[in-house]
Structures are given as C-alpha cells and as structure tokens.
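# Structural characterization, general
In case you want the letters, here they are:
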Amino acid sequence: MTENAVHPFGGVDYPRTLKEFDEWFHSEAACADFLRRVRWPEGFRCPVCGKTVAWMTARGQLRCAGCQRQTSATAGTVFEGTRKPLRLWFQAMWYVTNQKHGVSALGVQRILGLGSYQTAWTWLHKLRRTMVRPGRDLLNGEVEVDETYLGGREVGVTGRETNKKSIVAIAAEIRGRGTGRIRMARIKDVSSESLVPFVQTAVCHGATIRTDGWRAYNALTGVGFDHQPKAISASRDPAHIVMPRVHRVAGLLDRWWLGIHHGAIRAAQLDYYLDEFTFRFHRRQSQARGLLFYRLLQHAVQQEPVPYKRLAGGTPDVPIQI
Ligand SMILES: [Zn+2]
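Described in the following lines is the structure provided in the data block. Nothing here was measured: the structure is a model prediction, and the numbers come from that model. (Residues numbered from 1 in each chain as written. Predicted model: local features only at pLDDT ≥ 70, side-chain atom pairs only at ≥ 80, totals over all residues. Heavy atoms only, no water.)

## Quick look at helix α6 (residues 192-202)
Residue pairs spaced three or four apart in an α-helix point in one direction, given the helix's 3.6 residues per turn. Restricting attention to buried positions, one finds in α6 the residues Ser194, Leu195, Val196, Phe198, Val199 and Ala202. Contacts from the buried residues of α6 go to β4 (142-150), β5 (166-175), β6 (178-187) and β7 (208-212). (Buried < 20%, exposed > 50% of the residue type's maximum accessible area, 1.4 Å probe, protein only. Helix = DSSP H or I, 4+ residues; strand = E, 2+ residues; numbered from the N terminus. Contact = heavy atoms within 4.5 Å.)

Below you can see the structure in the form of structure tokens.
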C-alpha cells in the first residue's frame, strides 16, 4: 500500500450515521479528498503516462510529476463538469441510499433545497445509471427466468399478449432456498428473439435455466444452456411454487413501481429504474446504509459521464410501450 492509500478515518471506509457523514464531509476539500481516495484506492496513477507521483495544483487538480498533465478526480465520472458542490452530490447520494425503497426527483429537490426540479431529476438519473456497473458478472449456477408485465391490468387481453404494458424479463439465481443475484431488462415481446438474448447477456454460458413451459424458451438449449422447463399447467402448481424467486421479485417490482413511482415511469426510462431496483434488491438486508453510499460512490467514479440529452432520451432500442 502506498502512503496516500492509508485511510485517515480509523480504517472505516464510509460514514455510518448522518452525524458521521456531516463530520467527514464538512467541506468541499474533504469531499474532494474522499473522492480521490475512492477513485484511486491504490494511490494516484496518471492516465497518460502511468506515473504515480503528482502534485496538487491551486485549483485542486493533480499535476503528474512525469508528463505534467493535469487530472481532475471528477473527469470521466458522473461528476464531470458539474457546477454544483461535490458536497451537495454526496448529500444527494446519502439521501438516495438511505431511503430503503427509493426516492423521487421531487423528494431530492426538497431535501437538498435545489432550485430546479430538472437538476434533481438529472442527478437521480445519473445516479441510477451508476447503480449497476457495466461489465458486471454474469449470473451462474441454476437460474430461474420469467417475464412480468408492468402497467396494470388490461381488459380483453389474455395470457402473454399485451398491448400497452411494458414487459420485463427477470433472471434470479437459485441459492439453496434463497435468491442470489438478479438481472432485469425491458424486452419488446416474449419471442425467442427477445428472451434468448436477454438470458445470454445476463447468465453464464452453460448455466441451468429453469423456466415455465413457454415454448420461446426452448431455443436456450441450442445456444449452450441446460434448459429445464416446467409446464405450470401440467404440474398444476401455481407459478409462485414452480418459480418462487422470479415470482417474488416480480411482486416486489410491481409494488415498488406502483408505490414509489405511481406507475408513472416512461417506458424509455424503465431500464434505469430496473437498475436501481436491482441495486436495492441486492442490498436489501444490509443494515449498513453507509456502505451503500460508499458502493454508489465507487460506481459513480467508474462510470462514463452521460450528457443530459442522452439521459432524457432513455434507451431507444425498444419502442415506447406506455
Ligand atoms: Zn503523466
């Protein structure tokens, strides 16, 4: 370990209470210092020449001792180009991670005293984007896969047909009697062309996939999965017995969607909300809310910055369904 990786806060990586949060992050400099430590846990390394010695400039940038290039700790992160204090960002992240079931943009605006709703909305979306890391590990072992429908009941539509609901594919690892990690994505229909690529991007090649008897899943065998279908109608077991994990996740997702967001999420934005749901689901039993704040900050400094236009546009690959 290099000297600047030694932690000044008694070996603890994150504040555990609001009081500690206020003490740790009492100034902009303290926030910037913490950000640098999270970004370069092994100490600074110049992105241009790789040298590990740098000086701090008067403007709080790091100047490489080798190539003289200046690097800011926020460059290439979600904080890049922000005109608001880092301290305000940290407060937003603390608030987001301390509300167990999620927050609305209005809530963020109020608690931080932000003048603009759009700023609160943009921040929330930027943070949501950091909640699931790109290149994250694939699920493995035995995995349940199913789809669920967000958007309320539709009159005159039966079975897997839908006219205006968003369809969400869910994969959940089977870990003994419990649930391991989950993955979710919006899909445009329940065909093999939609479901198989979802499984391929969410689950390790060769894993065992448990599904109901829906025929679109049969193509999984041909692409290297051990597909174990179970016909629900044939077994006469209801879905929550055959596929208890995805069924439970779908129920929680439905309650969260209606309870926190009142069913008012635009389909194009849904993927980011699913990422937030996944982030919270994985840490649902964690009592250490400060650790969530720390993880979110770790993700935030690994993430490429996203301009507002792209945030507002959502993900264009699936047609808008709500
Ligand atoms: Zn350099």
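## Section: the packing of aromatic side chains
The final tally for this structure, using the stated rule, is 19 aromatic pairs. With a centroid separation of 6.2 Å and an interplanar angle of 40°, the aromatic rings of Tyr14 and Tyr294 are classed as tilted. Of this pair, Tyr14 sits in the segment before α1 (18-24) while Tyr294 sits in helix α11 (residues 289-302), placing them 280 residues apart in sequence. In terms of burial, Tyr14 and Tyr294 fall into one category: buried. With 6.4 Å between their ring centres and 75° between their planes, Phe34 and Phe90 make a pair best called edge-to-face. In this pair, Phe34 sits in helix α2 (residues 28-39) while Phe90 sits in helix α3 (residues 86-98), placing the two residues 56 residues apart along the sequence. Note on accessibility: Phe34 and Phe90 belong to one class, buried. A cation over a ring is seen here: Arg215 above Trp214, with NZ or CZ 4.9 Å from the ring centre. In this structure, Arg284 is placed above the aromatic ring of Phe281, and the distance from its NZ or CZ to the ring centre is 3.9 Å. (Phe/Tyr/Trp six-rings, centres within 6.5 Å; stacked < 30°, edge-to-face > 60°. Lys NZ or Arg CZ within 6 Å of the ring centre and 35° of its normal.)

## Observations concerning the packing of helix α5 (residues 117-131) against helix α10 (residues 270-282)
Remark: α5 packs on α10, axes separated minimally by 8 Å, with the N-to-C direction vectors making an angle of 60°. In this view, α5 runs oblique relative to α10, as classed from their interaxial angle. Crossing hand, α5 versus α10: left-handed. Of the residues in α10, those touching α5 at His125, Arg128, Arg129 and Met131 are Tyr272, Tyr273, Asp275, Glu276 and Phe279. Here the contact of α5 with α10 is composed, by residue class, of four nonpolar, one polar and four charged. (Axes fitted to C-alpha atoms, helices over the stretch in contact; angles between N-to-C directions. Parallel < 35°, antiparallel > 145°, perpendicular 65-115°, else oblique. Left-handed = near helix turned anticlockwise from the far one by under 90°. Nonpolar A, V, L, I, M, F, W, Y, C, P; charged D, E, K, R; others polar.)

## A closer look at the sheet that holds β6
Remark on secondary structure: sheet strands pair via backbone hydrogen bonds, oriented parallel or antiparallel. An order of β6-β5-β4-β7-β8 is seen for the five strands of this open sheet, with the pairing classed as mixed. Edge positions in the sheet fall to β6 and β8 (226-230), since each has one partner strand and no second. For this sheet, the mean inter-axis angle between neighbouring strands, taken without regard to orientation, is 25°. Across the face of the sheet, α6 comes into contact with β4, β5, β6 and β7 while running at roughly 135° to β6. Its contacts with the sheet put helix α9 (residues 244-259) on β4, β5 and β6, and the angle it makes with β4 is roughly 35°. (Pairing = 2+ DSSP bridges.)

## Details of α10
The end-to-end C-alpha distance of α10 is 18 Å, a good match for the 18 Å that 13 residues give at a rise of 1.5 Å each. In terms of burial, α10 is a largely internal element, twelve of the 13 residues being buried. (Expected span 1.5 Å × (residues − 1).)

## Focus on the sheet that holds strand β3 (residues 70-71)
The strand order across the open sheet built from three strands is β1-β2-β3, with neighbouring strands paired in antiparallel fashion. Of all strands in the sheet, those with a lone pairing partner are β1 (54-56) and β3, marking the two edges. Relative to β3, strand β2 (residues 62-64) runs antiparallel, the two being bridged by two bridges. Within β3, the residue paired with Leu62 across the bridge is Thr71.

## Examining the packing of α2 against α11
Viewed as axis vectors pointing N to C, α2 and α11 meet at an angle of 75°, and their least axial separation amounts to 9 Å. Compared by their axis directions, α2 and α11 come out roughly perpendicular. Facing α2, whose interface residues are Phe34, Leu35, Val38 and Arg39, α11 presents Phe293, Tyr294, Leu297, Gln298 and Val301. Classifying every residue of the contact of α2 with α11 by side-chain character gives seven nonpolar, one polar and one charged.

## Quick look at the coordination of the zinc ion
Around a metal, the ideal angle is 109.5 degrees if four donors adopt a tetrahedral arrangement and 90 or 180 degrees if six donors adopt an octahedral arrangement. Each protein donor to the zinc ion is listed here as Cys46 (SG), Cys49 (SG), Cys64 (SG) and Cys67 (SG); together their distances run 2.3 Å. Given four donor atoms and angles of 98 to 117° at the metal, the environment of the zinc ion is assigned as tetrahedral. Written as a sequence motif, the donor residues of the zinc ion are C-x2-C-x14-C-x2-C. Note that Cys49 is positioned in the loop between α2 and β1 and Cys64 in strand β2, a separation of 15 residues in sequence. In this structure Cys64 comes out as buried when scored by relative accessible area, which is 0%. (Donors = N, O, S within 2.8 Å, 3.2 Å for Na, K, Ca; no water. Tetrahedral: all angles 85-135°; square planar, octahedral: opposite > 155°, others 65-115°.)

## Re the environment of Ala169
On the secondary structure map, Ala169 appears in strand β5. Ala169 sits in the buried class, given a relative accessible area of 0%. Linking Ala169 and Asp146, residues 23 residues apart in sequence, is a C-alpha distance of 5.9 Å. In this structure, Ala169 is in contact with Asp146, Glu147, Arg183, Met184, Ala185, Ile187, Leu195 and Phe198, ignoring residues within four places of it in sequence.

## Some points on the pairing of β6
In terms of burial, β6 is largely enclosed, as seven of its ten residues are buried. Pairing between β5 and β6: eight bridges, direction antiparallel. Bridge pairing in β6 links Arg175 to Gly178. Turn length for the β5-β6 hairpin, with the two strands adjacent in sequence and antiparallel, is two residues, and the turn residue Gly176 shows positive phi of about 60°.

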